[in-house]
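Results of the structural survey
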Amino acid sequence: MSGHILVQQHNVASGREHEAFRWFQQDLAPRLFAQGVGSARRYKLLDLQLQPENPQPHAYLSVFDFDPRTSPGALDALSHLAREEPLASGLLTDDAAHVYEMTRDWVPSPNPADMLAPEYLLLVMANFVVEMEDEYHDWYDNVHGPEVLDTPGFTGLRRGRRAERQAAPVNDYPSNAVVLSTTRTNDIIGSLDEFRARANGESKTGIHWNFRSPSASLARTTHIFAPLTPRLTA
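Residues numbered from 1 in each chain as written. Predicted model: local features only at pLDDT ≥ 70, side-chain atom pairs only at ≥ 80, totals over all residues. Heavy atoms only, no water.

**Things to note about the pattern of salt bridges**
Under the criterion given, the structure shown has 15 salt bridges. In this structure, Asp141 and Arg159 form a salt bridge, with 2.9 Å as the shortest nitrogen-oxygen distance. Here Asp141, found in helix H3 (residues 133-149), pairs with Arg159, found in strand E6 (residues 154-162); they are 18 residues apart in sequence, far enough to count as distant. Exposure remark for Asp141: the relative accessible area of 35% places this residue in the partly exposed category. Between Asp193 and Arg196 there is a salt bridge, with its nearest N and O atoms 3.0 Å apart. In this pair, Asp193 and Arg196 both sit in helix H4 (residues 188-199), 3 residues apart, roughly one turn of the helix. Its relative accessible area of 41% is what places Asp193 among the partly exposed residues. Linked by salt bridges that have partners in common, Asp27, Arg31 and Glu85 make up one network. (Salt bridge = Lys/Arg side-chain N within 4 Å of Asp/Glu carboxyl O. Helix = DSSP H or I, 4+ residues; strand = E, 2+ residues; numbered from the N terminus. Buried < 20%, exposed > 50% of the residue type's maximum accessible area, 1.4 Å probe, protein only.)

**Points about the packing of aromatic side chains**
In this structure the tally under the stated criterion is 7 aromatic pairs. With a centroid separation of 5.4 Å and 40° between ring planes, the pair formed by Phe128 and Tyr136 is classed as tilted. Side by side, Phe128 and Tyr136 carry an identical accessibility label, which is buried. Residues Phe154 and Phe195 carry aromatic rings whose centres are separated by 5.3 Å and whose planes lie at 20° to one another, so their mutual orientation is stacked. Of this pair, Phe154 sits in strand E6 while Phe195 sits in helix H4, and the two are 41 residues apart along the sequence. The structure contains a cluster of three or more aromatic residues connected by ring pairs, namely Phe128, Tyr136, Trp139 and Tyr140. (Phe/Tyr/Trp six-rings, centres within 6.5 Å; stacked < 30°, edge-to-face > 60°.)

**Examining H4**
Compared with the 16 Å implied by 1.5 Å per residue over 12 residues, the 16 Å span of H4 between its first and last C-alpha is a close match. Among all positions in H4, only Ile188, Ser191, Leu192, Glu194, Phe195, Ala197 and Arg198 are buried. Immediately beyond the C-terminal end of H4, within one or two residues, lies Gly201, with a positive phi of roughly 70°. (Expected span 1.5 Å × (residues − 1).)

**Digging into H3**
Because each turn of an α-helix spans 3.6 residues, side chains separated by three or four positions end up pointing in the same direction. Its axis deflected by about 50° at Tyr140, H3 carries its strongest bend there. Buried residues belonging to H3 abut strand E4 (92-108), strand E5 (119-126), E6, strand E7 (177-184) and H4. (Bend = angle between axes of the 7 residues up to and from the residue. Contact = heavy atoms within 4.5 Å.)

**A closer look at the packing of helix H1 (residues 17-33) against helix H2 (residues 74-89)**
Between H1 and H2, the shortest axis-to-axis distance is 9 Å and the interhelical angle comes to 150°. As far as their axial angle goes, H2 and H1 are roughly antiparallel. The interaxial crossing formed by H1 with H2 has right-handed handedness. Facing H1, whose interface residues are Trp23, Leu28, Arg31 and Leu32, H2 presents Ala77, Leu78, Leu81, Ala82, Glu85 and Pro86. Looking at the contact of H1 with H2 residue by residue, the classes come out as 8 nonpolar, no polar and 2 charged. (Axes fitted to C-alpha atoms, helices over the stretch in contact; angles between N-to-C directions. Parallel < 35°, antiparallel > 145°, perpendicular 65-115°, else oblique. Left-handed = near helix turned anticlockwise from the far one by under 90°. Nonpolar A, V, L, I, M, F, W, Y, C, P; charged D, E, K, R; others polar.)

So, in structure tokens, the structure goes:
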């Protein structure tokens, strides 16, 4: 499997957005890489959302990959450098950070990707029924994941479950699972409309998704982001 990720949703002090952009790439990322963090990428929330009934209170998202087995100090570095320092300095006004163990590696879509099209990230803060976790993973691996990846514009996904150890200070957690799906499309509205249509059994293509597994809770949120930086690596 592919280690852990820290998902940090955050807001930036008014008027300091450009400062935060430079800080993330030129200051934060190199310091984190020196402590064993493997990659970092930052995103901005889109106005367009798949679940507008679930508003996202944070305008920005950062995703960090690390492996606690080979870099045991990485999570402490993330807690201090990505959270405590910028919150104390006032650069970030607030944040919510959650750590997930990535139980499934990256799965690509069978459809060809338009690598010249804009890229987007769908972040799903999901929940499985604890007593049905094995069933949930089986359903996602063999039914729902392939359905999502067959949707036009979708290029891949990876999944994880909430890690035992969380970043400090620990937030209340909204989910025990996470799904990160990527798209490349010149028509994000059309891709999301088709996503909804297939899920609701209304697609003009005739492709309709299977019934949702009872192992997958309906208590989940989906938010769509556009990348602000490339994927930075050590």
